[in-house]
Amino acid sequence: MSRPPLNSPFLLGFDEIERALDRVARTASDGYPPYNIERLPRDESAPERLRITLAVAGFTRDQLDVSLEENQLVIRGRQTEERERHFLHRGIAARQFQRAFLLAEGMQVLGADLVNGLLSIDLARPEPERVIKKIDIAARD
């Protein structure tokens, strides 16, 4: 699926967004590990929250890494082969993965939790302040 470039004369300074969209489009085709993204109910004391849940069955807490790299949430999983085991059938492969999510400015990572093979990462999107700034027009004679 192609998208038009952000080169409209009314869109100034959006070069980073165009590069981010290209990066996301390249990595979106990998389906492992499967994941969900859900919007959690808002209450009066908390901002809008999101939860990303990845199915990481077979991974331990030590084999997973969750990091925030600039404006990307990056989840990595690394399993090592156990040489002393002899399989008659190997249907569950030891597999490495990296899944990245591009976060909007202001998004906050609240924490991560691993329960029953599901890695959940909670995010908050605080309400942005509405800024209106008056620009004075200089008089030149």
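*Asks:* If you had to explain the sheet that holds strand β5 (residues 97-102) to someone new, which residues and values would you point to?
*Replies:* Spatial ordering of the open sheet is given by β3-β4-β5, a layout of three strands whose pairing is antiparallel. The open sheet terminates on both sides in strands that have one partner only, identified here as β3 (64-69) and β5. Neighbour-to-neighbour, the strand axes of this sheet turn through a mean angle of 15°, independent of strand direction. Looking at chain direction, β3 and strand β4 (residues 72-77) are connected through six bridges and run antiparallel. Paired with Ser67 across the bridge in β4 is Val74.

*Asks:* Go over the layout of surface pockets with me, naming the residues and quoting the values.
*Replies:* Considered as a void within the structure, the largest pocket measures approximately 500 Å³ in volume. Residue lining of the largest pocket: 22 residues in total, with Gln79, Arg90, Ile92, Ala93 and Ala94 positioned closest to the centre. Here the residues of the lining of the largest pocket are counted per class, giving nine nonpolar, seven polar and six charged.

*Asks:* Got a sec to walk through the sheet that holds strand β1 (residues 35-40)? Specific residues and values, please.
*Replies:* If you walk across this open sheet you meet the four strands as β1-β2-β7-β6, and the pairing is antiparallel. Here the strands that pair on one side only, and so sit at the sheet edges, are β1 and β6 (108-115). For this sheet the average axis-to-axis angle between neighbouring strands, irrespective of direction, equals 20°. Pairing between β1 and strand β2 (residues 48-55): six bridges, direction antiparallel. Its bridge partner being in β2, Tyr35 is matched across the sheet by Leu54.

*Asks:* Would you mind going over the nonpolar core in detail, with residue names and values included?
*Replies:* Counting 17 residues, the largest nonpolar core has Val56, Leu73, Ile75, Phe97 and Leu123 as its most contacted members. Secondary-structure elements contributing two or more residues to this core are β2, β4, β5 and β7 (118-125).

*Asks:* Pulling in residues and values, what's your account of the packing of aromatic side chains?
*Replies:* Under the defined criterion, the tally for this structure stands at three aromatic pairs. Geometrically, the ring pair formed by Tyr35 and Phe101 is edge-to-face, given 5.2 Å between the ring centres and 85° between the ring planes. Within this pair, whereas Tyr35 is found in strand β1, its partner Phe101 is found in strand β5, the two being separated by 66 residues in sequence. The class for Phe101 is buried, based on a relative accessible area of 10%. On the basis of an interplanar angle of 85° and a centroid distance of 5.3 Å, the ring pair of Phe59 and Phe97 is categorised as edge-to-face. Here Phe97 lies in strand β5 and Phe59 lies in the loop between β2 and β3, a separation of 38 residues in the sequence. A residue is classified by how much of its surface remains accessible, and Phe59, at 7% relative accessible area, is buried. Judged by relative accessible area, which is 7%, Phe97 ranks as buried.

Rules used in this analysis
- Numbering of residues starts from 1 in every chain and runs along the sequence as written.
- Given that this is a predicted model, residues contribute local features only at a pLDDT of at least 70 and side-chain atom pairs are listed and counted only at 80 or more, while totals for whole chains, interfaces and linings are drawn from all residues.
- Hydrogens and water are ignored here; the side-chain numbers use all heavy atoms of the structure.
- At least two DSSP bridges between two strands are required for those strands to pair.
- Strands here are runs of E lasting at least two residues and helices are runs of H or I lasting at least four, both read from the DSSP assignment and numbered beginning at the N terminus.
- Every angle, taken between N-to-C directions, lies between 0 and 180 degrees, and every axis is a line fitted to C-alpha atoms, over only the stretch in contact when it is a helix.
- The distinction between a cavity and a pocket rests on a 1 Å grid over the protein atoms alone: a 1.4 Å probe fits inside a cavity but cannot get out, while a pocket stays open yet meets protein on both sides within 12 Å along at least five of seven lines, and a residue with an atom within 4 Å of a point counts as lining.
- Grid points are joined across faces, edges and corners, and a volume is the space filled by probe spheres set on the points.
- Lys, Arg, Asp and Glu make up the charged group, whereas Ala, Val, Leu, Ile, Met, Phe, Trp, Tyr, Cys and Pro make up the nonpolar group; the residues left over, Gly among them, are polar.
- Definition of nonpolar core: a set of buried residues of the types Ala, Val, Leu, Ile, Met, Phe, Trp, Tyr and Cys, connected through side-chain atoms within 4.5 Å.
- Throughout, exposure labels follow a simple rule: accessible area from a 1.4 Å probe, protein chains only, divided by the maximum for the residue type, with under 20% read as buried, over 50% as exposed, and the rest as partly exposed.
- When the centres of two rings from Phe, Tyr and Trp lie within 6.5 Å, Trp using its six-membered ring, the rings pair. Their planes under 30 degrees apart give stacked, over 60 give edge-to-face, and anything left gives tilted.

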